Amino acid sequence: MYHKIILAGGNGYLGTVLANYYQSLAEQVIILSRKAAPAKGNITTLVWDGKTEGAWTTALQGADVVINLCGKNVNCRYNERNKQEILLSRIVPTTLLGKVIENLAQPPRLWINVTSATIYRHAEDHPQDEATGEIGEGFSVDICKQWEQSFFNCHTPATRKVALRMGIVLGRSDGVFPRLLNLVKLGMGGKQGNGQQKVGWVHEHDAASITHWLMEHDDLDGTINCTAPNTVGNAELMRIIRKTYGMPFGLPAPAWLLAIGAVVIGTETELILKSRWVAPKRLLDAGYRFQFGNAEAAVRDII
């Protein structure tokens, strides 16, 4: 039984998955959030602003792990204001946590910063792993680079640090999957763009289980890819969802149509069209076994 799990910015989709996962494994699960929320058993919420120290800092004392999930949702238009918010909403809380952890008498044993697998280049030729993967270019990649840099620059000698490069988390309640399933239900669940782009995905159960596994493996630190080992193309993923749901057809969405739709719903086509072929080499080498290693099993479980 763990003593204390801290989820910074843990009131979103992945934070909820992690809180539910750890509820039976820890005495306390503490969410740091900008909004107050009622306690749910041993899951409690402390209010912070992610910018300044406050009463919440004492909660980090003696924690088993701090998992930082802070960051404005990238599902928006990349105008200057949003770009600035996306950057600062990641770097400011990360730097703050680093400062607090450095000065604690009993700092957390492990600090996991959930960053993004989108840091790698658009790859349709071969998978990108932690050792040989090539860092990409563009706004999203720049954000990831600055974010990881601010994390590793934090001086926390008594706390092991892992930047967990998270793929697209697939699960029931929120995130990408319910939106893809809605497209399938409407008969619009065909390929997006040319459908060749790889989807670096991970089932929500593995996403949570990997953070737990990292707590038990003290020899792992630095950057670690968090995606399932069997990446699929967009067209193949949509086919699997259609087949599992029982929808015989799905209209495709060409890139030009996605560009118009992205403007209408206030997002960017990069989120759909970038090929994220990412391999979890370090996890596999260290012996982690995925419960959902292939997309068919993952989709079947979720649906």
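We now turn to the structure provided with this report. In this text the structure is predicted, and so the values were computed from the model without any measurement.

A look at the nonpolar core
Inference 1: The biggest cluster of nonpolar side chains holds 36 residues, and the ones touching the most others in it are I5, L7, L14, I67, I112, M166 and L214.
Inference 2: Those elements that place two or more of their residues in this core are β1 (2–8), α1 (13–22), β2 (26–33), β4 (65–68), β5 (110–116), β6 (160–166), α5 (204–216) and β10 (222–226).
Inference 3: If sequence neighbours within four positions are ignored, M166 has contacts with L14, V114, T115, S116, A117, V202, A207 and C226.

Things to note about the packing of helix α4 (residues 176–185) against helix α6 (residues 234–245)
Inference 1: With their axes 10 Å apart at the nearest point, α4 and α6 run at an angle of 65° to one another. On the basis of the axis angle, α4 is roughly perpendicular to α6. Where α4 crosses over α6, the handedness of that crossing is right-handed. Along its contact with α4, which presents F177, L180, L181, V184 and K185, the element α6 presents L237, M238, I241, R242 and Y245.
Inference 2: Grouping the amino acids of the contact of α4 with α6 by side-chain chemistry returns 8 nonpolar, no polar and 2 charged.

Quick word on the side chain of N234
Inference 1: If you trace the backbone, N234 turns up in helix α6.
Inference 2: Classification of N234 by relative accessible area gives buried; the value is 4%.

Thresholds applied
- Residues numbered from 1 in each chain as written.
- Predicted model: local features only at pLDDT ≥ 70, side-chain atom pairs only at ≥ 80, totals over all residues.
- Heavy atoms only, no water.
- Core = buried A, V, L, I, M, F, W, Y, C linked by side-chain atoms within 4.5 Å.
- Buried < 20%, exposed > 50% of the residue type's maximum accessible area, 1.4 Å probe, protein only.
- Helix = DSSP H or I, 4+ residues; strand = E, 2+ residues; numbered from the N terminus.
- Contact = heavy atoms within 4.5 Å.
- Axes fitted to C-alpha atoms, helices over the stretch in contact; angles between N-to-C directions.
- Parallel < 35°, antiparallel > 145°, perpendicular 65-115°, else oblique.
- Left-handed = near helix turned anticlockwise from the far one by under 90°.
- Nonpolar A, V, L, I, M, F, W, Y, C, P; charged D, E, K, R; others polar.

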